[in-house]
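# Structural features, examined
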2 protein chains.
Amino acid sequence: MNQDNQSKTKQTVNNLLQFIRDEHLQPGQRLPNEYELAEQLHVGRGTIREAIRELVSRNVLDVRQGAGTFISFKDGIPEDPLGLSFTDITDDMVFDMLEVRLLLEPEIAAIAAERATESQIEELYRQCGLIEDLIRDNQPYLREDARFHEIIGECSGNSIIRKLMPIVASSVQLNIGFTRDKFRLRTIEEHREIVHAIAHHDVRGAKYAMYAHLNTSRSSMLVAGQLHQPK
Amino acid sequence: MNQDNQSKTKQTVNNLLQFIRDEHLQPGQRLPNEYELAEQLHVGRGTIREAIRELVSRNVLDVRQGAGTFISFKDGIPEDPLGLSFTDITDDMVFDMLEVRLLLEPEIAAIAAERATESQIEELYRQCGLIEDLIRDNQPYLREDARFHEIIGECSGNSIIRKLMPIVASSVQLNIGFTRDKFRLRTIEEHREIVHAIAHHDVRGAKYAMYAHLNTSRSSMLVAGQLHQPK
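Summary of the structure given here. (Residues numbered from 1 in each chain as written. Chains lettered and ligands numbered in written order. Predicted model: local features only at pLDDT ≥ 70, side-chain atom pairs only at ≥ 80, totals over all residues. Heavy atoms only, no water.)

## Section: the relation of the copies chain B and chain A
- Note on the copies: chain B fits chain A at an RMSD of 0.1 Å, the axial shift is 0.0 Å, and the rotation between them is 180 degrees. Viewed as a symmetry operation, the transformation between the two copies matches a two-fold axis. For chain B, the residue whose C-alpha comes nearest the rotation axis is B:Pro81, separated from it by 2.5 Å.
- A shared binding surface is used by both copies, with 100% of the interface residues of chain B retained as interface residues in chain A. (Least-squares fit on C-alpha atoms with pLDDT ≥ 70 in both. Contact = heavy atoms within 4.5 Å.)

Dropping the structure here:
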């Protein structure tokens, strides 16, 4: 692809995004077909196809074979928003991520306690139970644990926090690698404490419970000796 | 592209990322050419081209015409990590972003005050001066203001914060739209106060100065009447 085509594609990507905004298209809704889009945006079908491909890789669009092109439910949040997939994940980076979680999540839990709706609280309890079952059955629970933290983000009612949480929650995986068996049982208690505080709209309680929970990860990393008291 | 090709491309993308990690390729370094990659990863050149295209759109790779394919200096951080480009930016969303900045940036300023190196402090002072000149000359200073906040993130020495800050700083633009003239002059003072605290490793001072600075944005949004005291 030469320079000209590249900038033409870029322009078309932007026009397509504008089109989606103008039409207020929502996740799951279908885009007009290539012919119509080409006509509407005054470019060739090849350029439209390039632009669609780009937006698929950005999780804005989904192509379903034979059915058409749809607004993605992934909300345009890219696969790897922090670009971690091509860096070696060092111990330092794991610790740095935990530092970020300690900055963010206690405050998010506090906001969640302020604003959580009844149905969100129910969802939190359900998710909590799901994780407990997995831990007791000695099953992997990484994904469900990340989802637990995402739901707390949703409870905040803040649209940006909701978009940030999956980025942060994806690192739960990094931390659990360090977590020893005795901490798995502690996880059950700590999650319950967080949910309990949010359910009772206990703003400070939720914050402190989240600090305690994240500090367990931190301690376990120090205990595992794979990390030293940092910096 | 059919389902089979899609999953083959995805696999090749992952193999290519693995290759970059294994070879410890750094930003600016060149990737082997398509022929070599196709041979090494046991796929056709078409698939390699698809995978490269995908990684270009994820800002992991850069293609320079006639020169080859290089590891991008953009560090794999996507254009729009929060997927904001296809949502309408509502006033609520601007307020939500400010809430996130109020969660994150005062704490980041505190960490920066703890860990900033002499050369980082010099860079902060330079950036501060640059913005002051622009404000005094009545020039746009959005980009330099965002960069100011990014440098504070770099001062934290935390690799994840460094990757998060551009995401957050990109919203400076949203807020400044609300900021009236009288606040432009306040920006100069407030930036100076932040830099001064960081330069003197005044951990709490840096945090409080950042709170004050962000609160000015918040107040100006409320004063502008475009937002009501939220939720």
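Now that the structure is up, let's keep going.
## Looking at the packing of helix α6 (residues 142–155) of chain A against helix α7 (residues 159–169) of chain A
Residue and element names in this part refer to chain A.
- One way to put it is that α6 packs onto α7 with a least axis distance of 8 Å and a crossing angle of 160 degrees. The angle between α6 and α7 places the two elements in the roughly antiparallel class. At the point where α6 passes α7, the crossing takes the right-handed sense. When α6 is examined against α7, the residues Ala146, His149, Glu150, Gly153 and Glu154 are found in contact with a partner set consisting of Ile161, Arg162, Met165, Pro166 and Ala169.
- Tallied by class, the residues present in the contact of α6 with α7 amount to five nonpolar, two polar and three charged. (Axes fitted to C-alpha atoms, helices over the stretch in contact; angles between N-to-C directions. Helix = DSSP H or I, 4+ residues; strand = E, 2+ residues; numbered from the N terminus. Parallel < 35°, antiparallel > 145°, perpendicular 65-115°, else oblique. Left-handed = near helix turned anticlockwise from the far one by under 90°. Nonpolar A, V, L, I, M, F, W, Y, C, P; charged D, E, K, R; others polar.)

## Some points on helix α10 (residues 203–223) of chain B
- Relative to the 30 Å expected for 21 residues at 1.5 Å per residue, α10(B) spans 30 Å between its end C-alpha atoms, a close match to the ideal helical length.
- Those residues of α10(B) not exposed but buried are B:Gly205, B:Ala206, B:Lys207, B:Ala209, B:Met210, B:His213, B:Leu214, B:Thr216, B:Ser217, B:Ser220 and B:Met221. (Expected span 1.5 Å × (residues − 1). Buried < 20%, exposed > 50% of the residue type's maximum accessible area, 1.4 Å probe, protein only.)

## Looking at the interface of chain B and chain A
- At the junction of the two partners, chain B supplies 49 residues and chain A supplies 49 residues.
- The tally of links from chain B across to chain A stands at four salt bridges.
- Here B:Glu99 ties to A:Arg115 by a salt bridge, and the two come within 2.8 Å at their closest N and O atoms.
- The tally of links from chain B across to chain A stands at eleven residue pairs in polar contact (both at pLDDT 80 or more).
- Within the residue set of the side of chain B that touches chain A, elements represented by two or more residues are α1 (3–22), α3 (45–57), α4 (91–115) and α7 (159–169) of chain B. (Salt bridge = Lys/Arg side-chain N within 4 Å of Asp/Glu carboxyl O. Polar contact = N/O pair within 3.5 Å; in protein donor to acceptor, adjacent residues only side chain to side chain.)

## Side note on the nonpolar core
- Of all hydrophobic cores here, the largest spans 88 residues; its most connected members are A:Ile152, A:Ile198, B:Ile152 and B:Ile198.
- Apart from residues no more than four positions distant in its own chain, A:Ile198 is found in contact with A:Ala109, A:Ala112, A:Ala113, A:Ala116, A:Ile121, A:Leu124, A:Ile152 and A:Ala206. (Core = buried A, V, L, I, M, F, W, Y, C linked by side-chain atoms within 4.5 Å.)

## Re the pattern of salt bridges
- On inspection of all chains with the given rule, the structure shows 26 salt bridges over all chains.
- With a shortest N-O distance of 3.2 Å, A:Arg147 and A:Glu123 are connected by a salt bridge. In this pair, A:Arg147 sits in helix α6 while A:Glu123 sits in helix α5 (residues 118–136), placing the two residues 24 residues apart along the sequence.
- Between B:Arg147 and B:Glu154 there is a salt bridge, with its nearest N and O atoms 3.0 Å apart.
- Note on B:Arg147: relative accessible area 25%, which makes it partly exposed.
- Here the salt bridges share partners, and the residues they tie into one network are A:Glu123, A:Arg147, A:Glu150 and A:Glu154.

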